[in-house]
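Survey of secondary and tertiary structure
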Amino acid sequence: QVQLVESGGGLVQPGGSLRLSCAASGRISRVNDMGWYRQAPGKQRELVAITLSGGRTNYADPVKGRFTISRDNAKNAVFLQMNSLKPEDTAVYYCNMKGIYYNFRYYSESWGQGTQVTVSS
């Protein structure tokens, strides 16, 4: 099983910034797509941002211009820089990786354990 380890969540005031990190552990030769999702209380999990294997990135409309996703293929890691945070960004953020070649086996996807982001004054 591929394990994704997240870090970087926390409490921040409106207008502040946070940087989330997620790394896949183990003998991984390739990951196709890497992304971040979030789930607020009482709501469904939604896509925040995704970076595809070819380099293209997509963002959900509410975060465009404020969040930036990036990846380090050598470290099998993905990052989410979140600026100008708003209270409505409060949620549990989950890392997701698709198309993982791990230990000579293929895994369609894996999820991180989630990290809480709270935006409040």
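Please refer to the structure placed before this passage.
Anyway, here's the lowdown on the structure attached to this text. (Residues numbered from 1 in each chain as written. Predicted model: local features only at pLDDT ≥ 70, side-chain atom pairs only at ≥ 80, totals over all residues. Heavy atoms only, no water.)

Looking at the element boundaries, N96 is found in strand β9 (residues 91–102). Taking relative accessible area as the criterion, N96 reaches 2% and is therefore assigned buried. Within polar-contact distance, the side chain of N96 engages the side chain of K98 at 2.7 Å. When sequence neighbours within four positions are dropped, the list of residues in contact with N96 reads L4, D33, M34, G35, Y37, E109, S110 and W111. (Helix = DSSP H or I, 4+ residues; strand = E, 2+ residues; numbered from the N terminus. Buried < 20%, exposed > 50% of the residue type's maximum accessible area, 1.4 Å probe, protein only. Polar contact = N/O pair within 3.5 Å; in protein donor to acceptor, adjacent residues only side chain to side chain. Contact = heavy atoms within 4.5 Å.)

Under the defined criterion, the tally for this structure stands at 1 disulfide. Disulfide pairing is shown between C22 and C95; the S-S distance is 2.1 Å. Note on the C22 and C95 pair: the S-S dihedral is about -75°, so by sign convention the disulfide is left-handed. In this pair, C22 sits in strand β3 (residues 18–25) while C95 sits in strand β9, placing the two residues 73 residues apart along the sequence. (Disulfide = S-S within 2.5 Å.)

This brings us to the pattern of salt bridges. A side chain with one charge may pair with a side chain of the opposite charge, provided their charged atoms come close. Summed over the entire model, instances satisfying the criterion amount to 5 salt bridges. It is possible to trace a salt-bridge network through shared partners that takes in R38, E46, R66 and D89. (Salt bridge = Lys/Arg side-chain N within 4 Å of Asp/Glu carboxyl O.)

Taken as a class, soluble globular proteins show a tendency for nonpolar side chains to be buried jointly. Of all hydrophobic cores here, the largest spans 30 residues; its most connected members are W36, L80, M82, Y93 and M97. Counting residues per element, the ones that place at least two in this core are β3, β4 (28–39), β5 (46–51), β7 (67–72), β8 (77–82), β9 and β11 (115–119). It is β9 that provides the largest number of residues to this core, a total of 6 residues. Look past the residues within four positions of M82 in its chain and what remains in contact with it is G16, S17, L18, L20, R66, F67, Y93 and V117. (Core = buried A, V, L, I, M, F, W, Y, C linked by side-chain atoms within 4.5 Å.)

This part is about the sheet that holds β3. The sheet built from 4 strands is open, its strands ordered β1-β3-β8-β7 with antiparallel pairing. Strands at the two margins of the open sheet, each flanked by one partner only, are β1 (3–7) and β7. On average, each strand axis in the sheet is tilted by 15° relative to the strand beside it, whichever way the strands run. Pairing geometry for β3 and β8, over 6 bridges, is antiparallel. When the bridges of β8 are listed, L18 appears paired with M82. (Pairing = 2+ DSSP bridges. Axes fitted to C-alpha atoms, helices over the stretch in contact; angles between N-to-C directions.)

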